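Okay, here's what each chain looks like letter by letter:
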Amino acid sequence: EELLSRVDQPLQVATDPVAARAFLLCDYNRDMDSYRSPWSNQYFPPLPDGDTPPEALRRLEAHCNEVFNAYRENYYEGGVSSVYLWELDDDDDD
């Protein structure tokens, strides 16, 4: 059981129908059974109350995706990349 929880699963790819771009499906963009696209910031299948990053972080996420996509295209000539940014919980009061 513990071993199964540590085994990496192959990444899956979906297409954002709003942005017409592919994106990676992973734990970082999943909420219940839906996945948030880094291109449109929408969940597929639709999830009305899905978590999204704050606007300033969302703008940075969109910029990072454009930059990383250009890097991926220039150096790997194919494939799919996705960057997901989230606020970190700051539980340390030190």
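Each chain has its residues counted from 1, following the order in which its sequence is written. Local features in this predicted model are restricted to residues of pLDDT 70 or higher, and side-chain atom pairs are both shown and tallied only at a pLDDT of 80 or more, whereas totals for entire chains, interfaces and linings draw on every residue. Derived side-chain values reflect all non-hydrogen atoms in the structure, with water molecules and hydrogen atoms excluded from consideration.

## Digging into the environment of Val 67
- Along the chain, Val 67 falls in helix α2 (residues 55–76).
- Burial classes follow relative accessibility: with a 1.4 Å probe on protein chains only, a residue under 20% of its type's maximum area counts as buried, one over 50% as exposed, and anything between as partly exposed. Residue classification places Val 67 among the partly exposed positions, given a relative accessible area of 48%. Under the DSSP-based scheme used, a helix requires at least four consecutive residues in state H or I and a strand at least two consecutive residues in state E, with every element numbered from the N terminus.

## Here's the deal with the environment of Trp 86
- Mapped onto the secondary structure, Trp 86 falls in the segment after α2.
- Accessibility expressed as a relative area gives 32% for Trp 86, which makes it partly exposed.
- Each C-alpha atom, one on Trp 86 and one on Pro 53, is 5.7 Å from the other, the two residues being 33 residues apart in sequence.
- Residue contacts are defined here by distance: any two heavy atoms, one from each residue, within 4.5 Å place the two residues in contact. Setting aside anything within four residues of it in sequence, one finds Trp 86 in contact with Tyr 28, Arg 36, Tyr 43, Asp 51, Thr 52, Pro 53 and Leu 57.
- We define a polar contact as two N or O atoms separated by no more than 3.5 Å, with the added condition that, inside protein, one atom must be a possible hydrogen donor and the other a possible acceptor, whereas residues neighbouring each other in sequence contribute only through side-chain atom pairs. A distance of 2.7 Å separates a polar atom in the side chain of Trp 86 from the backbone oxygen of Tyr 28.

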